[in-house]
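# Notes for the structure review
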Amino acid sequence: MIKIFRNIRKSVVNEGRTTNYLKYAIGEIVLVVIGILIALQINNWNEQRKLNHNDLQLCKELLNDAVADSIFFESRHVGLVELKSAIHYILEKPELRKPDSVIFKIANASDGFFTYRGFRYLSNVVSNGKNSMQELQSQSVINALRRYNLQYDYVAASMQRLNNLNEKELNPLQKKHMKDFVTLKQNHDLNSLNTIYNDEALQKSVFLIDDYIDDALNHLNVFQKDNRDLIRVLKEHIKKGL
């Protein structure tokens, strides 16, 4: 092709037709520019195709992580509600307490109420998606992920605060009442349980824990809503990309 253009150019120059030569030169420049633009367009198309493919894979991974989070944090929600139920029993006046299934389920465990060791709260989406934000193509997904990460920080802070209180307040009481719980395992009755739960130090600790649980549940409820929203947005985006 280049050889053909050279022959045409030489022929025009030899014939001394300046006007025709200028037209030819301009045409040659235009063809070169068009060729470059086509090459750039093809390259841009390939790059965008790679970005879209990578975005789709990231969204699929985030969706799997978000679904895993929904199951995991629902178990956190159930655990907090059960713990709150047990705490209400402890805070209740002795004459009003009833041996309901929740409290005796906890009390009949290896060491009673103190089987509570704190809550894990690690999010798969947050831990695995920290570096994904800049690679995502959908603004709606990015916005949902930002809200998710922000609310997770609130959940993590409230859970950690609850865990810290457990470490500071309940662990010493666990050691104090270990023998009492051994006795309780051998004699499952309401009076034995009340002997432990009437401890003033325990009453004071669980009162604080009850307040902390309310805070954790409030943040967790918002977080679970953001989790559902993120799952919905990801599914919609993935469906468009398929």
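Structure: see above.
Residues numbered from 1 in each chain as written. Predicted model: local features only at pLDDT ≥ 70, side-chain atom pairs only at ≥ 80, totals over all residues. Heavy atoms only, no water.

Each helix and strand counted, the protein chain has 8 helices and 0 strands in total. Element order for the protein chain, N to C, with α for helix and β for strand: α-α-α-α-α-α-α-α. The proportion of buried residues among the 242 residues of the protein chain is 37%. Of the contacts made within the protein chain by residues no fewer than 6 positions apart, 81% connect residues no fewer than 24 positions apart. Surface summary for the protein chain: the accessible area is close to 14,900 Å², and the carbon and sulfur share equals 56%. (Helix = DSSP H or I, 4+ residues; strand = E, 2+ residues; numbered from the N terminus. Buried < 20%, exposed > 50% of the residue type's maximum accessible area, 1.4 Å probe, protein only. Contact = heavy atoms within 4.5 Å. Areas by Shrake-Rupley, 256 points an atom, 1.4 Å probe, with all protein chains shown as cover.)

With that out of the way, let us pick up the packing of aromatic side chains. Here the structure, examined in full by the defined rule, presents 5 aromatic pairs. Seen from their ring centres, F72 and F73 are 5.1 Å apart, and the 85° between their planes marks the pair as edge-to-face. No difference in accessibility class separates F72 from F73, as the two residues are buried. A centroid spacing of 4.7 Å and a plane angle of 40° characterise the contact between Y148 and F223, whose relative ring orientation is tilted. Here Y148 is found in helix 5 (residues 139–176), whereas its partner F223 is found in helix 8 (residues 200–241), with 75 residues between them in sequence. With respect to class, Y148 is no different from F223; both count as buried. An aromatic cluster is defined as three or more aromatic residues linked by ring pairs; in this entry it consists of F72, F73, Y148, Y152 and F223. (Phe/Tyr/Trp six-rings, centres within 6.5 Å; stacked < 30°, edge-to-face > 60°.)

Right, let's get into the packing of helix 5 against helix 8. Running from amino to carboxyl end, helix 5 crosses helix 8 at an angle of 160°, the nearest separation of the two axes being 8 Å. Overall, the two elements helix 5 and helix 8 adopt an arrangement that is roughly antiparallel. Once helix 5 is placed against helix 8, the crossing between them reads as left-handed. Of the residues contributing to the contact of helix 5 with helix 8, the split by class is 25 nonpolar, 7 polar and 5 charged. (Axes fitted to C-alpha atoms, helices over the stretch in contact; angles between N-to-C directions. Parallel < 35°, antiparallel > 145°, perpendicular 65-115°, else oblique. Left-handed = near helix turned anticlockwise from the far one by under 90°. Nonpolar A, V, L, I, M, F, W, Y, C, P; charged D, E, K, R; others polar.)

Here the structure, examined in full by the defined rule, presents 5 salt bridges. Between R161 and D215 there is a salt bridge, and its shortest N-O distance comes to 3.5 Å. Taken together, the residues R161 in helix 5 and D215 in helix 8 connect sequence positions 54 residues apart. A relative accessible area of 35% means that R161 is categorised as partly exposed. Its salt-bridge partner being K225, residue D229 comes within 3.1 Å of it at the nearest N-O pair. Of this pair, D229 and K225 both sit in helix 8, 4 residues apart, which is roughly one turn of that helix. (Salt bridge = Lys/Arg side-chain N within 4 Å of Asp/Glu carboxyl O.)

Further remarks concern the environment of G241. With respect to the element layout, G241 can be found in helix 8. The class of G241 is partly exposed, set by a relative accessible area of 47%. Sequence separation of G241 and L56 is 185 residues, and the distance between their C-alpha atoms is 6.7 Å.

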